[in-house]
Amino acid sequence: MPFHVEIGGGINHARAFNLSLDELRRQVLEPWLTGRRVELGEREWQPAESSLRILEGRHLDSPDLSFGQGWANAERSAEDVTKRLLTETKPPKLPDAFVVEAELPEATVAEMLSGQQAQPVPLGDVERRLDGRDPEVAAVILITERRS
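Note that the coordinates shown come from a computational prediction; the quantities given were computed from them, not determined experimentally.

**Student:** What am I meant to see in the overall build of the chain here?
**Tutor:** Scanning the chain for helices and strands turns up 6 helices and 8 strands. Counting from the amino terminus, helix and strand elements in the chain follow one another as β-β-α-β-β-β-α-α-β-α-β-α-α-β. Rg of the C-alpha trace for the chain: 21 Å, well past the compact-globule value of 15 Å for 148 residues, more than 25% over. If one aligns the C-alpha atoms of the chain with their principal axes, the spans along those axes are about 65 × 30 × 25 Å.

As structure tokens, then:
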């Protein structure tokens with residue numbers, strides 16, 4: 001059965017209808033459980049500042065969603081499963097993170113990468129892989145200059 005989601009904060013809210021369990025986990029539950037922003041309805045929602053409601057019920061067709069009646073129709077034909085899904089869903093494993101203070105950061109980087117296949121990566125790509133919880137990311141290492 002599909003899922004219908006509502007995220008709200010103050011007077012604002014966003015809704016999504018007919019999500020599969022996989023879509024719900026990837027787009028809503030995993031970011032919510034790790035405290036990351038959830039993108040829904042052309043907005044970004046912070047879990048600490050928002051409320052979440054998940055309904056499980058029949059697929060809603062276009063007539064069910066027209067004239068802004070989608071959520072009312074979902075509430076009439078679906079069960080609130082928010083607590084159950086939040087309890088059952090395991091948060092994704094986050095990569096380990098390390099800060100290394102070094103007197104010569106460039107030398108430390110060179111030593112760490114010696115013998116490895118390494119390439120520079122734009123910071124935006126790194127952010128997307130971390131935000132998307134890329135399962136291939138095992139660790140993030142930040143090397144800073146040691147200040148005496």
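So, next bit.
**Student:** Would you take a moment to explain the pairing of strand E1 (residues 3–9) for this structure?
**Tutor:** Residues in a regular strand point their side chains to alternate faces of the sheet. With 6 of 7 residues buried, E1 lies mostly within the body of the structure. Alignment of E1 against strand E2 (residues 12–19), held across 6 bridges, turns out to be antiparallel. Within the sheet, the bridge partner assigned to isoleucine 7 lies in E2 and is alanine 14. The turn linking E1 back onto E2 is made up of 2 residues, and glycine 10 within it adopts a positive phi angle of 65°. When E1 meets strand E5 (residues 51–57), the two strands line up antiparallel, connected through 6 bridges. Looking at E5, one finds that glutamate 6 is bridged to arginine 53.

**Student:** I keep staring at helix H1 (residues 21–33) and nothing clicks. Help me out?
**Tutor:** Along an α-helix, residues three or four apart share an orientation, since each turn contains 3.6 residues. Between its terminal C-alpha atoms H1 stretches only 15 Å, short of the 18 Å expected from 13 residues at 1.5 Å a residue. At glutamine 27, H1 is deflected by roughly 30°, the largest bend along its length, and proline proline 31 occurs up to four residues later in sequence. Among the residues making up H1, those that are buried are Leu24, Val28, Leu29, Pro31 and Trp32. Elements in contact with the buried residues of H1: E1, E2, strand E3 (38–40), E5 and helix H4 (82–88). Remark: glycine 35 follows H1 within two positions and exhibits a positive phi of approximately 75°.

**Student:** Help me understand the side chain of threonine 82, please; the structure alone is not making it clear to me.
**Tutor:** Counting through the fold element by element, threonine 82 comes out in helix H4. Leave out the neighbours within four places in its chain, and threonine 82 touches Leu52, Arg53 and Ile54.

**Student:** What's the story with the sheet that holds E2 in this structure? I'm lost.
**Tutor:** Sheet strands pair via backbone hydrogen bonds, and the direction of the pair is either parallel or antiparallel. Strands sit in the order E2-E1-E5-E6 across an open sheet of 4 strands; the sheet is antiparallel. Looking at the sheet topology across the chains shown, the edges are occupied by E2 and strand E6 (78–80). Geometrically, the sheet is characterised by an average inter-axis angle of 20° between neighbouring strands, direction not taken into account. Contacts from helix H3 (residues 70–77) reach E1, E2, E5 and E6, with the element oriented near 60° to E5.

Reading the values: rules and limits
Residues numbered from 1 in each chain as written. Predicted model: local features only at pLDDT ≥ 70, side-chain atom pairs only at ≥ 80, totals over all residues. Heavy atoms only, no water. Helix = DSSP H or I, 4+ residues; strand = E, 2+ residues; numbered from the N terminus. Rg over C-alpha atoms; globule rule 2.2 N^0.38 Å. Buried < 20%, exposed > 50% of the residue type's maximum accessible area, 1.4 Å probe, protein only. Pairing = 2+ DSSP bridges. Expected span 1.5 Å × (residues − 1). Bend = angle between axes of the 7 residues up to and from the residue. Contact = heavy atoms within 4.5 Å. Axes fitted to C-alpha atoms, helices over the stretch in contact; angles between N-to-C directions.

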